[in-house]
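Spelled out from the first residue to the last, the chains are:
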Amino acid sequence: MLLINATLATMDGETAYGLVEQGAVVLEAERILWAGPAAQLPAEFSSREEIDLEGRVVTPALIDCHTHVVHGGNRAREFEMRLEGASYEEVARAGGGIVSTVAATRAASQEQLLADALSRVDAMIAEGVTTIEIKSGYGLDIENELKMLRAARAVAENRPVRVRTSFLGAHAVPPEYKGRPDAYIDGVCLPALEAAHAEGLVDAVDGFCEGIAFTPDQIARVFDKARALGIPVKLHAEQLSNLGGAKLAASYGALSADHLEYANAEDAAAMAKTGTVAVILPGAFYTLHETAAPPIDAFREQGVAMAVATDCNPGSSPMSSLLLSMNMACTLFRMTPEEALAGVTRNAAKALGLDDAGRIKPGLRADLAIWDIEHPAELAYRIGFNPLWKRIFGGAL
């Protein structure tokens, strides 16, 4: 396949967006064979089937590197209660909060979890997404954590999309272990991780380091197990307070530290040294009415790669639009449109440990998005507008 008459935002050059005007892309099976100015197209490729893009913009396909799309139920009533003035404690006493999602997830079959997840995944695919990270963490026992991860794997069997799974057993303490987090880590989390790894269900290990979840020492025990199993780690860190999670993640060479509203310059410096990506999640900031914003300037100054994701989940970020996440990252956190696009392409790939996606470059996967726009800045500029024309996944239009 030969794509011609296109503006390429390669996200791989020295110029803004890696922009190539009047560009062309040659695809061979699942890979990009050549990309660059059409005037420099090698003669050997000129006889291929052409698709005239009529000046449309081509970017790497989008990557959502932090989601919880596999879960049972929803928390719309909890959302309503909060707007009616109910406190967090009142919502919890009424059966709301993560406990309600755990109960709904445990009650759902794997088939039900998959069907519900696919409806959210379809919305993502419709916006040009080809790779999605999916976490466990709402089962919180061995059987149901495995059920969630199996459902996540099944997403890629039912849709043209790549899935990377993260084991998030250290997400919260379930009701039956209330007040006994260490017993939960020993009795459930670590055995569940071993079982999931043995079944080939884990691409990374995640945790929630926060006062309402787990301490750095407790997360370190989970990360030690991940290291022993040869699995990379990532971490929900500094979302509601600063407990040292970002530095802990960096000390383990984590792929990413996510949220980071309460991170500081020292955290940014630690992450820079190990190449840990900062995953920015504006949906949760917006939904929770947070006031502390991630230290974007510090990340820039230290050269920390910044990714952007939906954090799609039923409680703090019931959002499946990566385009909206890009706009929020710009309007709420003052990221630039170019940083936002890098955040859902090149840097999102890095946050998942992928070196074959996120850029338009020969040798990488032919995962592309073709947009009915004149300039890539429009992707972050518009609100509630989806300009996707076509999506290419593994070379297939």
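Sequence positions are assigned chain by chain, starting from 1 and proceeding in written order. In keeping with the predicted nature of the model, local features appear solely for residues at pLDDT of at least 70, side-chain atom pairs appear and are counted solely at 80 or more, and the whole-chain, interface and lining totals rest on all residues. By convention in this description, side-chain values take in all heavy atoms of the structure and omit both hydrogens and water.

Visitor: Go over the UniProt feature "binding site: Fe(3+)" (unreviewed entry) in the protein, please, and point to the residues and values.
Guide: UniProt positions are given in the numbering used here, feature names are shortened, and annotations may be inferred rather than shown by experiment. According to UniProt, the feature "binding site: Fe(3+)" (unreviewed entry) maps to H66, H68, H236 and D311 in the numbering used here. The largest pairwise C-alpha distance within this set of annotated residues, which runs over 246 residues, is 12.5 Å, so the set is compact in three dimensions. A run of H or I in DSSP becomes a helix once it reaches four residues, and a run of E becomes a strand once it reaches two; helices and strands are each numbered from the N terminus. With respect to the helices, strands and loops of the structure, H236 is situated in strand β10 (residues 234-237). The buried label applies to any residue whose accessible area, calculated with a 1.4 Å probe on protein chains only, is under 20% of its type's maximum; exposed applies above 50%, and partly exposed to all values in between. Given a relative accessible area of 3%, H236 falls into the buried group. The contact rule is simple, with two residues in contact once any of their heavy atoms fall within 4.5 Å. If near-sequence neighbours (up to four positions away) are discounted, H236 is found in contact with H66, H68, K135, L168, D206, G207, F208, C209, D258 and H259. The term polar contact refers here to a pair of N or O atoms within 3.5 Å; inside protein, the definition further demands a hydrogen-donor-capable atom paired with an acceptor-capable atom, and it admits residues adjacent in sequence only when both atoms are side-chain atoms. Of note is the side chain of H236, whose polar atom sits 3.3 Å from the side chain of H66. Structurally, D311 can be placed in the loop between β13 (306-308) and α12 (322-333). Those residues in contact with D311 that sit more than four places away from it in its chain are H66, T67, H68, H259, L281, A284, S316 and S317.

Visitor: With reference to specific residues and values, describe the nonpolar core.
Guide: One finds V70, V155, V205, L260, I280 and F299 to be the most contacted residues of the largest nonpolar core, which totals 94 residues. When neighbours within four sequence positions are excluded, V155 is seen to be in contact with L114, A117, L118, V121, I134, V161 and V163. By size, the runner-up hydrophobic cluster in this structure holds 15 residues, among which are V20, I32, L53 and I360. By convention a nonpolar core is built from buried Ala, Val, Leu, Ile, Met, Phe, Trp, Tyr and Cys residues, the set being connected through side-chain atoms within 4.5 Å.

Visitor: Go over the environment of A107, please, and point to the residues and values.
Guide: Here A107 shows up in helix α3 (residues 98-107). Sequence spacing of A107 and G139 is 32 residues, and the spatial spacing of their C-alpha atoms is 9.6 Å.

Visitor: Describe the side chain of T287, with residues and values.
Guide: When you line up the elements, T287 lands in helix α10 (residues 282-287). On the accessibility criterion, T287 (17% relative accessible area) is buried. A polar contact of 3.2 Å, which involves the side chain of T287, links it to the backbone oxygen of S316.

Visitor: Before we move on, can you summarise the pairing of strand β1 (residues 2-9) with the specific residues and values?
Guide: Burial analysis of β1 places 7 of its 8 residues in the buried class, the great majority of the element. The pairing criterion is simple: DSSP has to find at least two bridges between the two strands. The sheet contact formed by β1 and strand β4 (residues 50-52) spans 3 bridges and is parallel. The residue of β4 that forms the bridge with L3 is I51. Pairing of β1 with strand β2 (residues 19-28), which is carried by 5 bridges, proceeds in the antiparallel orientation. In the sheet register, L3 faces β2, and the bridge partner there is V25. Pairing between β1 and strand β5 (residues 57-60): 2 bridges, direction parallel. Bridging across to β5, T7 finds its partner in V57.

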